[in-house]
Amino acid sequence: MYVCICAAVTDVELRDCIGEGARTVEEVGEACGAGTGCGSCLNAVDVLLATELAPSEIAGLPLTA
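Residue indices begin from 1 for each chain and proceed along its sequence in written order. Selection of residues for local features in this predicted model requires a pLDDT of at least 70, selection of side-chain atom pairs for listing and counting requires 80 or more, and totals for whole chains, interfaces and linings are taken over all residues. Hydrogen atoms and water are omitted, and side-chain values are computed over all heavy atoms in the structure.

Angles run from 0 to 180 degrees between N-to-C directions of axes, and those axes are lines fitted to C-alpha atoms, restricted for helices to the stretch in contact. Only DSSP runs of H or I reaching four residues or more are called helices, and only runs of E reaching two or more are called strands; each is numbered from the N terminus. Running from amino to carboxyl end, helix H1 (residues 11-19) crosses helix H3 (residues 42-53) at an angle of 55°, the nearest separation of the two axes being 10 Å. Taken together, H1 and H3 sit at an angle that is classed as oblique. For the element pair H1 and H3, the recorded crossing hand is right-handed. Facing H1, whose interface residues are Asp 11, Leu 14, Arg 15 and Ile 18, H3 presents Val 45, Leu 48, Leu 49, Glu 52 and Leu 53. Put simply, Ala, Val, Leu, Ile, Met, Phe, Trp, Tyr, Cys and Pro go in the nonpolar bin, Asp, Glu, Lys and Arg in the charged bin, and everything else, Gly too, in the polar bin. Residues belonging to the contact of H1 with H3 are distributed by class as follows: 6 nonpolar, no polar and 3 charged. Angles below 35 degrees are treated as roughly parallel, those above 145 as roughly antiparallel, those between 65 and 115 as roughly perpendicular, and all remaining angles as oblique. It is the rotation of the near helix from the far one that decides the hand of a crossing: anticlockwise by less than a right angle makes it left-handed, clockwise makes it right-handed. The contact criterion used throughout is that any non-hydrogen atoms of two residues lie within 4.5 Å.

Looking now at the environment of Gly 29. The residue Gly 29 is located in helix H2 (residues 25-32) in this model. Its relative accessible area of 10% is what places Gly 29 among the buried residues. Expressed as a C-alpha distance, the spacing of Gly 29 and Leu 14, which sit 15 residues apart in the sequence, is 9.5 Å. In contact with Gly 29, not counting residues within four places along its chain, are Ala 34 and Thr 36. Only protein chains enter the area calculation, which uses a 1.4 Å probe; residues under 20% of their type maximum are buried, those over 50% are exposed, and those in between are partly exposed.

Structural data, given as structure tokens:
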């Protein structure tokens, strides 16, 4: 699923960036471009960071409400 339409970044690509060491929204943006356009995906990027770095109950929640 596309998380960032502006940079055409999927959730799989975001997880790869996080797996390769990105730890902040800014680092994700530098690694793959997500969140550097209009910014509407920043919340989704933040949620993915949280679920990947500190998996818990929120890991099973959808990216969008």
